[in-house]
Amino acid sequence: MNKAVQIRKVRAGDEQALAYVQTESWKAAFKKIVPADLLSKCTQLERATAMYKRLLAEQKGNGYMLELDGKPHCIAWWDAARDADMAGFAELICIHSLKAGWHQGYGSLMMQQILADVKSAGYAKILLWVFDSNVRAIKFYEAHGFVASGRKQSALGAVEEMYIKEL
C-alpha cells in the first residue's frame, strides 16, 4: 500500500462513485455466481446510482468510501439488521472494491473501520450475507472473525449464507 488512503463517510454527490465501485465489483466478483442476465440487470450504473442517491437523501444506513490517491476504490454500507428475527444485530449490507486493488489490504482497512463504527454505535453482534460459492469473500470474512451460521437463502439465482460475528 504505497498510495494515499483515506476512508470517509459518504455524502450527497457520492452516488455515482458508489454505484461505479459497486457495479464494477459485482461484474468481477459475481460473474461465475449470478446468472448473466440477472448480473447485467443488477450492474446497470443508472439503477445503482439512483439507489445510492435515494439512500443518501434519506440518510439511510452508514456508508463509507475508501479513496486511493483521491479516487474511489472501496465502499461499504451497514445498518441495523434487516431481518426482523435478528434484532440487536448490525448488518454489513455491502463491502465492495475495485478488482485492481484486491488482496492489497484495502478491504481489511475498510472492515476495521466498519467494525469500529458498529461497535461504537452500541452493537455487540454483526451479520452479513455472502454467496456460498464466493470462496474469496468467505475467506476474507472468516479472516475477520465471521463464522457461518448455517442459515441460507436464495438470492439472484444463487444461494447466500448468513455469517455472524461477536464484537
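Residues numbered from 1 in each chain as written. Predicted model: local features only at pLDDT ≥ 70, side-chain atom pairs only at ≥ 80, totals over all residues. Heavy atoms only, no water.

Novice: Help me understand the nonpolar core in this model?
Specialist: Considering soluble globular proteins, one finds that nonpolar side chains tend to be buried as a cluster. Counting residues in hydrophobic clusters, the biggest one holds 23 residues, and the most contacted among them are L92, I95, M110, I114, Y141 and F146. For this core, the secondary-structure elements that each account for two or more residues are β2 (62–68), β3 (71–80), β4 (89–97), α4 (106–120), β5 (125–131) and α5 (135–143). Per-element accounting of this core gives the leading share, six residues, to α4. Not counting the four nearest positions on each side in its chain, F146 is found in contact with M111, L115, I126, L128, Y141, Y163, I164 and K165. In terms of nonpolar packing, the next biggest core, distinct from the first, is built from 13 residues, V10, A48, L55 and W77 among them. (Core = buried A, V, L, I, M, F, W, Y, C linked by side-chain atoms within 4.5 Å. Buried < 20%, exposed > 50% of the residue type's maximum accessible area, 1.4 Å probe, protein only. Helix = DSSP H or I, 4+ residues; strand = E, 2+ residues; numbered from the N terminus. Contact = heavy atoms within 4.5 Å.)

Novice: How should I be thinking about the layout of surface pockets in this particular structure?
Specialist: Over the atoms rolls a probe the size of a water molecule, and in doing so it shows where empty space is left. In this structure, the largest pocket spans a volume of roughly 1200 Å³. Those elements that provide at least two residues to the lining of the largest pocket are α1 (15–29), α3 (45–58), β3, β4, α4, β5, α5 and β6 (147–155). In terms of residue count, the dominant contributor to the lining of the largest pocket is β4 (seven residues). Looking at the lining of the largest pocket residue by residue, the class counts come to 25 nonpolar, 13 polar and nine charged. (1 Å grid on protein atoms, 1.4 Å probe; cavity = no way out; pocket = protein on both sides within 12 Å on 5 of 7 lines; lining within 4 Å. Points joined across faces, edges and corners; volume = space filled by probe spheres on them. Nonpolar A, V, L, I, M, F, W, Y, C, P; charged D, E, K, R; others polar.)

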